[in-house]
Amino acid sequence: MEHFDPVESLAAMRHEFGEHGGVNMSIETSTTFTVMKASTLPAIFHGQQGPEGGCYLYGRHFNPTVYVLGRQLAALEGAEAAYCTASGMSAISAALLQLCDHGDHIIASKTVYGGTFALLKEFLPAKAGIDVTFVDAFDLASVEEAFTDRTRVVYVETMSNPTLRVADVPRLADIAHARGARLVVDNTFCPLVVSPIRLGADVVVHSLTKFINGASDVIAGAVCGTTEFILSLMDLHKGALMLLGPTMDPRAAYEISMRLPHLGLRMAEHSRRALTFATRLRDHGLDVMYPGLADHPDHDLLRQLGNDEYGSGGVFTIDVGSSQKACELMEVLQNRDRFGFMAVSLGYFETLMTCPASSTSSEMSDDELRAAGIAPGLLRISVGYTGSVEQRWRQLEDALEIVGLGEHTDRAVLA
Ligand code: PLP
């Protein structure tokens, strides 16, 4: 496979200067745009002219600042084009509604983010007549068996939330394409770590709210794909993004764009720390899941599919046996040791901890949680990079001792 480095791809893009030659791009706040000739407006409405030729119409359609961020994300994902949305959920729902009509069918992984699960299980079938079959996406035979004549999309997360299984994107793409379907991949958990479009995926969706923005201060999303697909989403008469209108604010686009240059450094550090803690916790005898550990079921697959420089991602899980124990541990880690925050979301510079069964995956029933491998005591930890590694490790060890999960718990229970 041809070498691809997402950071090199971003750096190779034309630099976007500000209006007065500033080294940063300007924020274009106008919601409507003028033209010099009256005939230009109908040409834009008919799709004959557009942002690639510098012609803008209206902010919900294309905004210059949001358009630049889209081009930057397309470069990062190795896609032809991308466009940004007001949230990850709006990117996912618009992409799926664009690809599926009433009566069509989606095959989806049964381990996906709880909001996506609810969209697929309840919302799309009830509101849009789109059928969804949930499968074990890590068992390719069960994906193949689920196809119907109306299957238009296979939907997976590159690294599943919260179980951290890795999708075999090239083989899933082959299976989908052989049946005339598209592979849509949510790459929120591992930007830069894996580049699904380079591996055969047709569409990549992102919650930019997470690692890509990295500061837990903006809700945002993106859809990446072919130019044809992105233009279809923005079609003035038939485009799901254009007509449903989950538009990104240009100020948010500017903020996120300013954080892309250090995404590579951040991802490498999130991954380095996650690997350090996961390895040491495993040495303590804890039940840790992290794709960077050699005994993870998808360790070899990730090494084969992943880009070398950015590690195995910034999230690991520990199953501490019960939700009560998970809550106890999180409380000590936050309130006593200042290790991180009990909060949903991930990809922040501080560590974030949640118990998915009772929070981010609470849309699922007990049976669905069990089928997805989400145990009640599963703790999801998105590793931040503030403080030193050894300082954070001491806090983690200390908290484990206090809640009776430490290596030396029988000898010393700390006050
Ligand atoms: N995809 C994944 C994997 C997520 O974890 C989330 C949110 O947690 C989303 C999508 C939704 O993103 P947003 O909250 O930006 O709408």
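Rules used in this analysis
- Numbering of residues starts from 1 in every chain and runs along the sequence as written.
- Reporting in this predicted model follows two pLDDT cut-offs: at least 70 for local features of residues, and 80 or more for side-chain atom pairs to be given and counted; totals over whole chains, interfaces and linings ignore these cut-offs and use all residues.
- Hydrogens are left out, water is left out, and the side-chain values use all remaining heavy atoms of the structure.
- A run of H or I in DSSP counts as a helix once it spans at least four residues, and a run of E counts as a strand once it spans at least two, with each numbered from the N terminus.
- Two things to know: the radius of gyration comes from C-alpha atoms, and the globule rule equals 2.2 Å times the number of residues to the power 0.38.
- Each residue is assigned to one of three classes by its accessible area relative to the maximum for its type, calculated with a 1.4 Å probe on protein chains only: buried under 20%, partly exposed between the two thresholds, exposed over 50%.
- Method for areas: the Shrake-Rupley scheme with a 1.4 Å probe, in which residue coverage is limited to the protein chains shown.
- Here a helix's expected span is defined as the number of its residues, less one, multiplied by 1.5 Å.
- A pair of strands counts as paired when DSSP detects no fewer than two bridges linking them.
- By convention a crossover is right-handed if, when the strands point away from the viewer, the path from the first strand over the helix to the second runs clockwise.
- Convention adopted: a line fitted to C-alpha atoms gives each axis, helices being fitted over their contacting stretch, and angles between N-to-C directions are expressed from 0 to 180 degrees.
- The cutoff for a nearby residue is simple: one of its non-hydrogen atoms must lie within 4 Å of the molecule or strand.
- Distance and chemistry together define a polar contact, namely a pair of N or O atoms within 3.5 Å, with one atom able to donate a hydrogen and the other to accept it when in protein, and with adjacent residues in sequence counting only for side-chain atoms on both sides.
- Three classes are used: nonpolar for Ala, Val, Leu, Ile, Met, Phe, Trp, Tyr, Cys and Pro, charged for Asp, Glu, Lys and Arg, and polar for all others, with Gly counted as polar.
- pLDDT is a residue-level measure of predictor confidence that goes from 0 to 100.
- For this analysis, residues touch if any pair of their heavy atoms sits within 4.5 Å.
- For this analysis, a salt bridge means a side-chain nitrogen from Lys or Arg found within 4 Å of a carboxyl oxygen belonging to Asp or Glu.
- Working definition: roughly parallel below 35 degrees, roughly antiparallel above 145 degrees, roughly perpendicular at 65 to 115 degrees, and oblique for all remaining angles.
- Two helices cross in a left-handed way if the nearer one is turned anticlockwise from the farther one by less than a right angle. They cross in a right-handed way if the turn is clockwise.
- These domain limits were set by an automatic method or by a database of domain assignments.
- Throughout, buried area stands for the accessible area (probe radius 1.4 Å) lost by two parts on being put together, summed over both.

### Brief notes about the overall build of the protein
Here is step 1 of the chain: Assigned secondary structure in the protein consists of 15 helices and 12 strands.
Here is step 2 of the chain: What you see for the protein is a C-alpha radius of gyration of 22 Å, in line with the 22 Å of a compact globule of 415 residues.
Here is step 3 of the chain: Overall, the protein is about 80 × 55 × 40 Å in size when its C-alpha atoms are taken along their principal axes.
Here is step 4 of the chain: Looking at the protein as a whole, 58% of its 415 residues qualify as buried.
Here is step 5 of the chain: When the accessible surface of the protein is split by element, carbon and sulfur atoms take 51% of a total near 17,400 Å².

### Concerning helix H11 (residues 263-283)
Here is step 1 of the chain: Taking 1.5 Å of rise per residue, the 21 residues of H11 would be expected to cover 30 Å, and the 30 Å separating its terminal C-alpha atoms lies within 8% of that figure.
Here is step 2 of the chain: The positive-phi residue at the C-terminal boundary of H11 is Gly285, with phi of around 90°.

### Regarding the pairing of strand E2 (residues 105-109)
Here is step 1 of the chain: With 5 of 5 residues buried, E2 lies mostly within the body of the structure.
Here is step 2 of the chain: Neither face of E2 is open: one carries His105, Ile107 and Ser109, the other Ile106 and Ala108, and all of them are buried.
Here is step 3 of the chain: Examined bridge by bridge, E2 and strand E3 (residues 131-135) share 5 bridges and lie parallel to one another. Looking at the pairing, Ala108 lines up with Phe134 of E3.
Here is step 4 of the chain: For the crossover that starts at E2, traverses helix H5 (residues 114-128) and ends in the parallel E3, the hand is right-handed.
Here is step 5 of the chain: Bridge analysis of E2 against strand E4 (residues 151-157) gives 4 bridges, and the strand direction is parallel.

### Quick look at the sheet that holds E4
Here is step 1 of the chain: Strand order in the open sheet formed by 7 strands is E1-E7-E6-E5-E4-E2-E3, with mixed pairing between adjacent strands. In this open sheet, the two strands that pair with only one neighbour each are strand E1 (81-85) and E3. Mean inter-strand twist for the sheet, computed between neighbouring axes without regard to direction, equals 20°.
Here is step 2 of the chain: Bridge analysis of E4 against strand E5 (residues 182-186) gives 5 bridges, and the strand direction is parallel. Following the sheet pairing, Val154 is matched in E5 by Leu183.

### Observations regarding the site of the ligand
Here is step 1 of the chain: Among the 14 residues in the neighbourhood of the ligand, the closest are listed as Met89, Asp186, Ser207, Thr209 and Lys210.
Here is step 2 of the chain: Contact distances for the ligand include 2.6 Å between a nitrogen atom and a side-chain N or O atom of Asp186.
Here is step 3 of the chain: One of the side-chain nitrogen or oxygen atoms of Lys210 is found 2.8 Å away from an oxygen atom of the ligand.
Here is step 4 of the chain: Here the shell around the ligand takes 3 residues from helix H4 (residues 88-99), the largest share from any one element.
Here is step 5 of the chain: For the shell around the ligand, a count of residues per class yields 5 nonpolar, 6 polar and 3 charged.

### Section: the confidence of the model for the protein
Here is step 1 of the chain: Mean pLDDT over the protein: 95, with 98% of residues reaching 70 or higher.
Here is step 2 of the chain: Low pLDDT, under 50, characterises residues 410-415; the predicted model gives this stretch 7 contacts beyond four residues in sequence or across chains.

### As for the pattern of salt bridges
Here is step 1 of the chain: According to the stated counting rule, one finds 20 salt bridges in the structure shown.
Here is step 2 of the chain: With its nearest N and O atoms 3.9 Å apart, the salt bridge here joins Arg392 to Glu350. With Arg392 in helix H15 (residues 389-402) and Glu350 in the loop between strand E10 (341-342) and strand E11 (352-354), this pair connects stretches of sequence that are 42 residues apart. Of the two residues, Arg392 and Glu350, both sit in the buried class.
Here is step 3 of the chain: One connected set of salt bridges, linked through shared partners, spans Arg14, Glu16 and Arg71.

### A closer look at the sheet that holds strand E9 (residues 315-319)
What holds strands together in a sheet is hydrogen bonding between their backbones, with the strands either parallel or antiparallel.
Here is step 1 of the chain: Pairing within the open sheet is mixed, and its 5 strands lie in the order E8-E9-E12-E11-E10. Since the sheet does not close on itself, it has two edges, and those belong to strand E8 (287-289) and E10, each with one partner.
Here is step 2 of the chain: As paired strands, E11 and strand E12 (residues 378-382) are joined by 3 bridges and run antiparallel to one another. Looking at the pairing, Leu352 lines up with Ser382 of E12.

### Description of the packing of helix H13 (residues 323-336) against H15
Here is step 1 of the chain: Running from N to C, H13 and H15 point in directions that differ by 135°, and their axes come no closer than 9 Å. For the element pair H13 / H15, the angle class is oblique. Classified by chirality, the crossing of H15 by H13 is right-handed. In this structure, H13 contributes Leu329, Val332, Leu333 and Arg336 to the contact, and H15 contributes Gln395, Leu396, Asp398, Ala399, Leu400 and Ile402.

### Some details on the domain arrangement of the protein
Here is step 1 of the chain: Each domain of the protein was delimited in the assignment, giving domain 1 (6-261) and domain 2 (263-414).
Here is step 2 of the chain: The C-alpha-based centres of domain 1 and domain 2 are spaced at 28 Å.
Here is step 3 of the chain: Across the contact, 41 residues belong to domain 1 and 42 residues belong to domain 2.
Here is step 4 of the chain: Of the roughly 3,300 Å² buried at the junction of domain 1 and domain 2 (both faces included), carbon and sulfur atoms supply 66%.
Here is step 5 of the chain: Our count for the domain 1 to domain 2 interface comes out at 2 salt bridges.
Here is step 6 of the chain: Residue Lys121 is joined to Glu368 by a salt bridge in which the shortest nitrogen-to-oxygen separation is 3.1 Å.

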